[in-house]
Amino acid sequence: MNTTAIPSRAHLLREASLTICGRREGKTKACNSCLRKADAAVRLARGAEQNRVLAPRFADIICGSAGQPCGDCRDKASILLLELRG
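Think of each chain on its own: its residues are numbered from 1, step by step along the sequence as written. Selection of residues for local features in this predicted model requires a pLDDT of at least 70, selection of side-chain atom pairs for listing and counting requires 80 or more, and totals for whole chains, interfaces and linings are taken over all residues. Note that water and hydrogens are dropped before the side-chain values are worked out from all heavy atoms of the structure.

**With respect to the overall build of the protein chain**
From N to C terminus, the protein chain includes four helices and zero strands. The secondary structure listing takes helices from DSSP runs of H or I that are at least 4 residues long and strands from runs of E that are at least 2 residues long, numbered from the N terminus. Listing every helix and strand of the protein chain by position from the N terminus yields α-α-α-α. Using a 1.4 Å probe on the protein chains alone, a residue whose accessible area is under 20% of its type maximum counts as buried, one over 50% counts as exposed, and one in between counts as partly exposed. Residues classed as buried in the protein chain amount to 31% of the 86 residues present. A fraction of 47% describes how many contacts in the protein chain between residues 6 or more apart in sequence connect residues 24 or more apart. Here the protein chain has roughly 5,800 Å² of accessible surface; of this, 52% comes from carbon and sulfur atoms. Note on definitions: a residue-residue contact is assigned when non-hydrogen atoms from the two residues lie within 4.5 Å. For every accessible area listed, the method is Shrake-Rupley and the probe measures 1.4 Å; residues are considered covered only by the protein chains on display.

This is the structure in structure tokens:
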């Protein structure tokens, strides 16, 4: 029997929060602020149907901006979208 493991919510939150906080060698845990942002992103990703709408929303969540996220947060949003929906 071939079973594909579905990532748990805790695993998704951990990986998403590391992406949001900024992955680097040796970093194993994100800050609380980025963990909260990851929670919002995971909930959004699970309920969304169109990926093109998600990237700008993710960038806003990560940056904390009101519709004007920085380039770094846009890049993180693209990576996060691939992780959560890929």
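Read on, since the account is not over.
**Quick look at the pattern of salt bridges**
Opposite charge on two side chains permits pairing when their charged atoms draw close. Salt bridges are identified by distance alone: a Lys or Arg side-chain nitrogen within 4 Å of an Asp or Glu carboxyl oxygen. Taken as a whole, this structure holds five salt bridges when the rule is applied. For Arg9, the salt bridge goes to Asp39, with nearest N and O atoms at 2.3 Å. Taken together, the residues span a long stretch of sequence, with Arg9 in helix H1 (residues 9-21) and Asp39 in helix H2 (residues 32-47) at a distance of 30 residues. On the accessibility criterion, Asp39 (23% relative accessible area) is partly exposed. Ionic pairing is found between Glu83 and Arg23, a salt bridge with its closest N-O pair at 3.5 Å.

**Regarding the nonpolar core**
Of all hydrophobic cores here, the largest spans 19 residues; its most connected members are Ala16, Ile20, Val42, Phe58, Ile62, Leu80 and Leu84. If you list the elements that add at least two residues to this core, you get H1, H2, helix H3 (51-63) and helix H4 (71-85). Excluding residues within four positions of it along the chain, Leu84 makes contact with Leu12, Ala16, Ala41, Val42, Ala45 and Phe58. For this analysis, a nonpolar core means a set of buried residues of the types Ala, Val, Leu, Ile, Met, Phe, Trp, Tyr and Cys, connected via side-chain atoms within 4.5 Å.

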